[in-house]
Amino acid sequence: MAEKSGADILVQCLIDLGVDTVFGYPGGAVLPIYDMIYDHPSINHILVRHEQAAAHAAEGYARSTGKPGVVLVTSGPGATNAITGITDALMDSIPMVVITGQVATHLIGTDAFQEADTVGLTRHCTKHNYLVKQPGDLARVVHEAFHIATSGRPGPVVIDIPKDVQVATAPYVKPVLNAHPSYRPQVEPDADAIERTADLIMKSERPILYTGGGIINSGPAASQSLRALAEMMGAPVTSTLMGLGAFPASSPQWLGMLGMHGTYEANWAMNKADLLLCLGARFDDRVTGRLDAFAPDSKKVHLDIDRSSINKIIPVDVPIVADCGRGIEALIAALKARGYKRPDYSEWWARIEGWRARRSLDYVETGSEIMPQRAIEELFKATRGRDVIITTEVGQHQMWAAQHFHFDEPNKWLTSGGLGTMGYGFPAAIGAQLGNPDALVIDIAGDASIQMNIQELGTAIQYRLPVKIFILNNEYMGMVRQWQELTYESRYSHSYSDSLPDFVKLAEAYGATGIRIETPDQLIPGIREMIDSPGPVVVDCRVAKLSNCFPMIPSGAAHTDMLLDPSQVSGTLNDEAKALV
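Throughout, a residue's number is its position along its own chain's written sequence, starting from 1. It should be noted that, the model being predicted, local features are given only for residues of pLDDT at least 70 and side-chain atom pairs only at 80 or more, the latter also being counted only at that level, while totals for whole chains, interfaces and linings use all residues. The side-chain values count all of the structure's non-hydrogen atoms but skip hydrogen atoms and water molecules.

## Some thoughts on the pattern of salt bridges
Here is step 1 of the chain: Here a salt bridge means any side-chain nitrogen of Lys or Arg lying within 4 Å of a carboxyl oxygen belonging to Asp or Glu. One pass over the structure, following the stated rule, counts 24 salt bridges.
Here is step 2 of the chain: Between K67 and D20 there is a salt bridge whose closest N-O contact spans 3.7 Å. Pair noted here: K67 is in the loop between α3 (51-65) and β4 (69-73) and D20 is in the loop between α1 (6-16) and β2 (21-25), with a separation of 47 residues, a long-range link.
Here is step 3 of the chain: Note on classification: 1.4 Å probe, protein chains only; a residue is buried when its accessible area is under 20% of the maximum for its type, exposed when over 50%, partly exposed between these limits. Residue K67 is classed as partly exposed on the basis of its relative accessible area, which comes to 36%.
Here is step 4 of the chain: On the basis of relative accessible area, D20 is assigned to the partly exposed category, the value being 30%.
Here is step 5 of the chain: Residues R282 and D284 are paired through a salt bridge, measuring 3.7 Å at the closest nitrogen-oxygen approach.
Here is step 6 of the chain: One salt-bridge network, in which partners are shared between bridges, spans E365, R374, E377, E378 and K381. Only DSSP runs of H or I covering at least 4 residues are called helices, and only runs of E covering at least 2 are called strands; the numbering of each starts at the N terminus.

This is the structure:
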């Protein structure tokens, strides 16, 4: 049997696994792999300008297509630069395989040039990682890595390959991976747990469906099953930041996002429900607020494929370890077998309508400034009826987008939830555009966040990607400034974005289109120009500088302690709450 080099085996594995796109940046420790890619045009390698962007682009590609993202970077700084994106993928359960170069095996541990302990560095921010010491192990490891990254709770897997392993040879036999001897995620729900959940639903008078990103990770069928369950029950539905789009925002059963910047009705309904069905969410602190005040009078069911997430933060009455889609389908079947009919929840809905009447997402317009909320609403209106994918950076603009841009389908909303990574949105948009070439992909950004990976304009130009960047420019690190205003007596310590670039000229310097929107009357025409312009576009939308993002639950406060507008702040945030923000 003819032997292949380690680099050749790796590339052949990628082809056999159906990989068509790789995000990377070359360096000395991966040159054998890059030389092999040269002979395989079926692999579309995307040259980013920074390794962090490679990881975020792979996340965007994965989140929008359902296929694993693949990253290729060199040793030392190449690997360490990618760690932020790797950690981001772990927190948000994004399937990703990261291939890193390493110094030759005989140099490991000698502090050789561009050496870093990649396995040690990534041990706590990956689902699994490997150091491959023999070329004969590569085929098994690569196929196993993709299986681990994409099954169970998805996540990032790192394969660290020393340079001498890349050039050494071994026979290549395509592995047949039927099952891993120790890694076997439970995907089918326990029948008894499903029956107990059906019992609770039959008895409930005030149920709520609390949904998360796990439903989207489970695939499009899981979102359809969620909609079928919600229709069957007639219960209200809310979602985490990561779960937006799994249930249509246009449905009258939709309460909006819950949590720190969620709607008044979603948070109060969570607090007053007698049955909480947690489907593919993990009781994040941004959702629960003060733990002893979280949904105090409810029975709680938690469906999650990750066994370690159950009872980790909130004790539950019925744990269900399973794939979200299969768990929901089993629950529907159990209810149908009991002859379940939609109960009369009119009293429960009347209470919810009372909370809705508070109109918690309303805001005041001055007429002379562009309100950021208005900018998002007009962007939403202008993109109705189109195949649009929204990515965001992290900050106020991210929360305004979650509140005022409405999603009816999964995989159209890409944001950094768990890690909250500034600089995520633009490279994620690049990855999404590559995976969805006919979609309109827009990164909603802040003037501070966009500068974290603004160099990826070069990538967008090189590959002719018509990604749009819509900057809500308030000349501040907006969320930092908001917290400083509310909790530090407006002592704005280093939250002002001084010496901002001219974003229009910066876009033009890269060869992109730059548009500036400064007044309310320019907003709608400016958005239309952005959409109609070919190629990458950067929009500098100047919004009200001191606008704050409400509603808001202070960190460590209860759902019932929501702040709806600035007038409520005085006397509401006690010293303990201020310390927790």
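## Digging into the packing of aromatic side chains
Here is step 1 of the chain: The criterion for an aromatic pair is that two Phe, Tyr or Trp rings (for Trp, the six-membered ring) have centres within 6.5 Å, with stacked assigned to planes under 30 degrees apart, edge-to-face to planes over 60 apart and tilted to the rest. According to the stated counting rule, one finds 12 aromatic pairs in the structure shown.
Here is step 2 of the chain: Taking 5.8 Å as the distance between ring centres and 40° as the angle between the ring planes, the aromatic pair formed by Y264 and W268 counts as tilted. On the criterion of helical spacing, the pair formed by Y264 and W268 is a turn pair, its members being four residues apart in helix α11 (residues 264-272). Considered together, Y264 and W268 belong to a single accessibility category, that of buried residues.
Here is step 3 of the chain: Seen in terms of ring centroids, Y476 and Y496 are 5.3 Å apart; in terms of plane orientation they differ by 75°. Their pairing is edge-to-face. With Y476 in the loop between β18 (468-473) and α19 (478-487) and Y496 in the loop between α19 and α20 (503-510), the pair connects residues that are 20 residues apart, well separated along the chain.

## Topic: the domain arrangement of the protein chain
Here is step 1 of the chain: Domain delimitation in this document rests on an assignment produced automatically or drawn from a domain database. For the protein chain, the domain assignment lists domain 1 (3-171), domain 2 (191-356) and domain 3 (372-549).
Here is step 2 of the chain: Relative to domain 3, the C-alpha centre of domain 2 lies at a distance of 31 Å.
Here is step 3 of the chain: Contacts are residue-level and defined by heavy atoms, with any inter-residue pair within 4.5 Å sufficient. Taken together, the contact pairs 16 residues of domain 2 with 19 residues of domain 3.
Here is step 4 of the chain: Once two parts are brought into contact, the accessible area they lose, counted with a 1.4 Å probe and summed over both, makes up the buried area. Of the roughly 1,400 Å² buried between domain 2 and domain 3 on both sides combined, carbon and sulfur atoms contribute 61%.

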